[in-house]
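Descriptive analysis of the structure
Here is what each chain is made of, one letter per residue.
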Amino acid sequence: MSVRTQSSEPSGEEIHRAGFACFVGRPNAGKSTLTNALVGKKVAITADQPQTTRHTVRGIVHRPDAQLILVDTPGLHKPRTLLGQRLNDVVRTTWAEVDVIGFCLPANEKLGPGDRFIAKELASIKKTPKVAIVTKTDLVDSKQLAEQLIAIDQLGKELGFEWAQIVPVSAVADKQVDLLADLLVPLLPEGPALYPEGDLTDEPEQVMVAELIREAALEGVRDELPHSIAVVVEEMLPREDRPADKPLLDIHAFVYIERPSQKGIIIGPKGKRLKDVGIKSRKQIEALLGTPVFLDLHVKVAKDWQRDPRQLRKLGF
């Protein structure tokens, strides 16, 4: 069992590597937070509720010796809806195409059936190296961490495969995040950079803006809502007749929910909640795009969209 807690010495030869790594794990294992920590900027939405990632967000880590492209997939889970099935299909397709798979397992939760379900799926992918990433180490003491590391090593043995590495990290406390990148890079193929220097993601801006609005809308809502919220940015246009030094970007977006009863939860008493969502997401969008924004938000009901193929297509799934 090879558990890494410090970086190995770099070799004298200048080899450049570039490739794709994807983080898998059950919902809420810390995959998006880890992606953002490695990229050094927010490219994936994070939320208290599990199962909030729906697109494969690519975060790009630029280093002198390598370019590591991170694919952040939805959490693999037993699906209950058509949306759930589609999310699982996205995960499996991604696994088949990447150079290395990072399996995120929270340090503060014992291995459960969900972890075994994913580990079994991973065992069937023979060629791709698999790195066990023990996340959220800031939430446990050293004894608990040691027990988790042993359990994860054991899990690989039980299923007949060897972890390429087992790496404890804390994205929140910024512990061993750089080390993780150091250990993923040698597993990538040699080759030139695949994206221009400075690009942090290949997600279209409109998709990222919609995700930031959805993240703000998810905050603090009751449990029944997370999966019922979808956001579509209808248009993003620079306001005409503005002086060059005072630009303004007009963004018109719809927040879709599944039932009329949910409308009140999102809008809040006297519209206060929706206003808060607008203020919070506008700040994030302005930071992302580097320009002042006028954000126009409306709430619409798209009845049972998670089960309706036509509506899923319209909402981008």
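Since this is a predicted model, take the numbers as computed values, not measurements.

Scoring rules and cut-offs
- Residues numbered from 1 in each chain as written.
- Predicted model: local features only at pLDDT ≥ 70, side-chain atom pairs only at ≥ 80, totals over all residues.
- Heavy atoms only, no water.
- Buried < 20%, exposed > 50% of the residue type's maximum accessible area, 1.4 Å probe, protein only.
- Helix = DSSP H or I, 4+ residues; strand = E, 2+ residues; numbered from the N terminus.
- Pairing = 2+ DSSP bridges.
- Right-handed = clockwise from strand over helix to strand, strands pointing away.
- Phe/Tyr/Trp six-rings, centres within 6.5 Å; stacked < 30°, edge-to-face > 60°.
- Lys NZ or Arg CZ within 6 Å of the ring centre and 35° of its normal.
- Core = buried A, V, L, I, M, F, W, Y, C linked by side-chain atoms within 4.5 Å.
- Contact = heavy atoms within 4.5 Å.
- Axes fitted to C-alpha atoms, helices over the stretch in contact; angles between N-to-C directions.
- Disulfide = S-S within 2.5 Å.
- Salt bridge = Lys/Arg side-chain N within 4 Å of Asp/Glu carboxyl O.

1. Observations concerning the pairing of strand β6 (residues 165-168)
Where burial is concerned, the two faces of β6 agree: the one with Q165 and V167 and the one with I166 and P168 are both buried. Here strand β5 (residues 130-135) pairs with β6 via four bridges, running parallel. Counted as the bridge partner of V131 is Q165 from β6. Of the crossover connections in this fold, the one passing from β5 over helix α4 (residues 142-158) to the parallel β6 is right-handed.

2. Considerations on the packing of aromatic side chains
For the structure shown, the criterion picks out three aromatic pairs. Taking the centre distance of 4.9 Å and the plane angle of 80° together, the rings of F161 and W163 count as edge-to-face. The buried category is assigned to W163, whose relative accessible area is 6%. Ring centres of F254 and Y256 lie 6.2 Å apart, and the angle between their planes is 45°; on these two criteria the pair is classed as tilted. Comparing F254 with Y256, the two get one shared label, buried. Between the NZ or CZ atom of R239 and the centre of the ring of F294, over which it lies, the distance is 5.5 Å.

3. Some words on the nonpolar core
Residues V24, W95, I101, F103 and I152 are the most contacted members of the largest nonpolar core, which totals 26 residues. Counting only elements with at least two residues in this core, the list comes to β1 (17-24), α2 (82-97), β4 (100-106), α3 (113-123), β5 and α4. Leaving out residues up to four positions away in the same chain, I152 has contacts with L105, L111, A132, V134, W163 and I166. Core analysis: the next-biggest nonpolar cluster, separate from the first, contains 25 residues, A210, I266, L274 and V299 among them.

4. Let's talk about the pairing of β5
Regular strands place their side chains on alternate faces of the sheet. For β5, the tally of buried residues reaches six of six residues, placing the bulk of the element in the interior. Covered by surrounding structure in β5 are K130, A132 and V134 together with V131, I133 and T135, the residues of both alternating faces. Alignment of β4 against β5, held across six bridges, turns out to be parallel. By the bridge assignment for β5, F103 is matched with A132. Note on the crossover from β4 through α3 to β5: the handedness is right-handed.

5. As for the sheet that holds strand β7 (residues 230-238)
One open sheet accounts for three strands, arranged β7-β8-β9; its pairing is mixed. The sheet is open, and its two edges are formed by β7 and β9 (293-301), each paired on a single side. Taken over all neighbouring pairs, the strand axes of this sheet differ in orientation by 15° on average, direction set aside. Relative to strand β8 (residues 249-257), β7 runs antiparallel, the two being bridged by eight bridges. By the bridge assignment, E235 is partnered in β8 with H252. Set on the sheet, helix α7 (residues 260-267) makes contact with β8 and β9; between it and β9 the angle comes to about 155°. The sheet contacts of helix α8 (residues 272-289) involve β7, β8 and β9, and relative to β9 the element is tilted by about 135°.

6. Structural notes on the state of the cysteines
By the definition in use, this model includes zero disulfides. Left without a disulfide partner, C22 is nearest to the cysteine sulfur of C104, which lies 9.3 Å away.

7. Some words on unusual backbone geometry
Unlike most non-glycine residues, D174 shows phi in positive territory, near 50°. Mapped onto the elements of the fold, D174 is located in the loop between β6 and α5 (177-184). Unlike most non-glycine residues, K270 shows phi in positive territory, near 55°. Relative to the helices and strands, K270 is located in the loop between α7 and α8. For K270, a relative accessible area of 90% corresponds to the exposed category.

8. Details of the pattern of salt bridges
The full count for this structure, using the stated rule, is twelve salt bridges. Put simply, K157 and D153 hold a salt bridge, and the shortest N to O gap is 2.8 Å. Of the two residues, K157 and D153 are both situated in helix α4; the distance of four residues between them amounts to about one turn of the helix. Assessed through its relative accessible area of 48%, K157 is described here as partly exposed. D250 is paired through a salt bridge with R239; the nearest N and O atoms lie 2.7 Å apart. Residue D250 is found in strand β8, and its partner R239 is found in the loop between β7 and β8; the two are separated by eleven residues along the sequence.

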